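This is what each chain is made of:
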Amino acid sequence: MSMEWTGCRPGVVMHVRCPERLPGEVYGQVLEQLGELSPVVQALPPTAALADLRGALRYHGATAAHLGDVLRLRTVARYGIDVRVGIGRTITVAATASAQVPHPGGVLAIAPDDTADWLALLEVEDLHGIGPRQAATLKRYGIDRVGLLAELPPVTVQRMLGGRAGRTAVDRARGIDPRTVTPRLQPASTTVRHRFPHDVLDGAPARAALLGLVVRLGAELRRRGQAARALTLTLSFAGGPQWEKTRRLADPSAHEDDLRLLAYQLMDAAGLQRGRLTGLALRGEDLIDAVLVAEQLSFDAARQARLVAESAADRIRARFGPGVIGPAAAYRSAS
């Protein structure tokens, strides 16, 4: 299923969705197939990837939809994996399109001139980047279609979803997305989230949940062989507004000791006096390969013992699963 690309090309982005979470080796093979079509590929592991097709269209002398079909054919024939491919003028349009492709796979290419009309008919929750709670908030105000969201003044949506989230939602509903495909085998950020079963007013459960996020984020970074230069904490409150703040680490790290200290500082900066807390998100930013991080010799015996315990916990998780071991406080908060 496809709409042919016509007219000028302000951007030609391909978003690829794999049918499930893939082992690292298999995911890497899918990236290799994508790299044969375009030299500008950005990994979004473990189930997605992006490619900038502007140069690829000239090089191959083919349409964007045809390149999507070629990718599907190769991944099915070589690995038995049928992918869903979305193509659009921006990352948001391409990612939204790939999600609209029926299972098990297919290609949907949205021409630039058709973008506004195509987006307008979608349900708001179908727009890439709009989460379930944001969609529910918008629908409470009668905004159930992307076209209605695009017509609203940004300031109105900012009151509903919060400043940054509201501005971004309106831009993407209008097909505006300044992000570009950045060649990268590993993502530059990764996010872990916690949703409370009921609204939280007490700081103790929030802090315990944050500790659980620190452990999950650190384990994911170490599994990937990456380290974070900064952390971003996002707090979601009942009714839709969010609080978000970013701070940089003194040195890049994937160790729980360092991540926990900065995460607690971010939580303290929030104050938790704005209302009922519904969820937390902790994002590792500006990621780099861990091999580039200089390990400092430490004379802190307690820290060294924690690092040894951290390494042992990683081996246990690798063998038995990610949720089998963690801080007691975080486990109590989840029970």
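See the structure above.
Residues numbered from 1 in each chain as written. Predicted model: local features only at pLDDT ≥ 70, side-chain atom pairs only at ≥ 80, totals over all residues. Heavy atoms only, no water.

Peer 1: Outline the sheet that holds strand β1 (residues 13-17), listing residues and values.
Peer 2: Judged by pairing direction, the sheet is mixed, and its five strands sit side by side in the order β2-β3-β1-β4-β5 without closing on themselves. Looking along the sheet, the strands with just one partner apiece sit at the ends: β2 (41-44) and β5 (106-109). Ignoring strand direction, the axes of neighbouring strands in this sheet form an average angle of 15°. Pairing geometry for β1 and strand β4 (residues 84-88), over five bridges, is antiparallel. Each residue of the ladder has a partner; that of Arg17, found in β4, is Arg84. Running over the sheet, helix α3 (residues 64-79) touches β1, β4 and β5 and is turned about 160° from β5. (Pairing = 2+ DSSP bridges. Helix = DSSP H or I, 4+ residues; strand = E, 2+ residues; numbered from the N terminus. Axes fitted to C-alpha atoms, helices over the stretch in contact; angles between N-to-C directions. Contact = heavy atoms within 4.5 Å.)

Peer 1: With reference to specific residues and values, describe the nonpolar core.
Peer 2: Counting residues in each nonpolar core, the largest one holds 30 residues, and the members touching the most others are Leu210, Leu231, Leu233, Leu235, Leu277, Leu280 and Leu282. With eight residues, the single largest contributor to this core is helix α10 (residues 203-224). Within the second largest apolar cluster, 29 residues are counted, among which are Ala49, Ala56, Ile81 and Val85. (Core = buried A, V, L, I, M, F, W, Y, C linked by side-chain atoms within 4.5 Å. Buried < 20%, exposed > 50% of the residue type's maximum accessible area, 1.4 Å probe, protein only.)

Peer 1: Which residues make up unusual backbone geometry, and what values go with them?
Peer 2: For the bond from His103 to Pro104, the omega torsion is 5°, close enough to zero to count as cis. Along the chain, the position of Pro104 falls in the loop between α4 (91-100) and β5. With phi around 50°, Asp286 is a residue other than glycine that occupies positive phi space. Examined against the element boundaries, Asp286 turns out to sit in the loop between β9 (277-285) and β10 (288-289).

Peer 1: Lay out the side chain of Thr232 in plain terms, naming residues and giving numbers.
Peer 2: With respect to the secondary-structure elements, Thr232 resides in strand β7 (residues 226-237). Exposure remark for Thr232: the relative accessible area of 0% places this residue in the buried category. At 2.8 Å, the side chain of Thr232 and the side chain of Glu285 are in polar contact. Beyond its immediate chain neighbours, meaning those up to four positions away, Thr232 contacts Glu244, Lys245, Thr246, Ala281, Leu282, Arg283 and Glu285. (Polar contact = N/O pair within 3.5 Å; in protein donor to acceptor, adjacent residues only side chain to side chain.)

Peer 1: Give me the pairing of β7: which residues, what numbers.
Peer 2: Remark: a regular strand shows side chains that alternate across the two faces of the sheet. Of all 12 residues that make up β7, 11 are buried, and the element is covered over most of its length. Relative to strand β8 (residues 242-253), β7 is paired through eight bridges, and the arrangement is antiparallel. Of the residues in β8, the one forming a bridge with Thr234 is Glu244. Two successive antiparallel strands, β7 and β8, enclose a turn made up of four residues, where Gly239 displays a positive phi of approximately 95°. Sheet topology places β7 next to β9; eight bridges connect them, and they run antiparallel. What sits directly across from Thr232, in β9, is Arg283.

Peer 1: Tell me about the pattern of salt bridges, and please be specific about residues and values.
Peer 2: Tallying each qualifying case throughout the model produces 19 salt bridges. Put simply, Glu244 and Arg164 hold a salt bridge, and the shortest N to O gap is 2.4 Å. Taken together, the residues span a long stretch of sequence, with Glu244 in strand β8 and Arg164 in helix α9 (residues 163-173) at a distance of 80 residues. Residue classification places Glu244 among the partly exposed residues on the basis of a relative accessible area of 33%. Judged by its relative accessible area of 61%, Arg164 falls in the exposed class. (Salt bridge = Lys/Arg side-chain N within 4 Å of Asp/Glu carboxyl O.)

Peer 1: Could you give an account of the pairing of β9, naming the residues involved and the relevant values?
Peer 2: Among the nine residues that make up β9, nine are buried, leaving the element largely enclosed by the rest of the structure. In this sheet, β9 lies alongside strand β6 (residues 190-200) in antiparallel orientation, the contact comprising seven bridges. Residue pairing for β9: His194 is matched across the bridge by Leu280.

In short, shape yes, function no, at least from these values alone.
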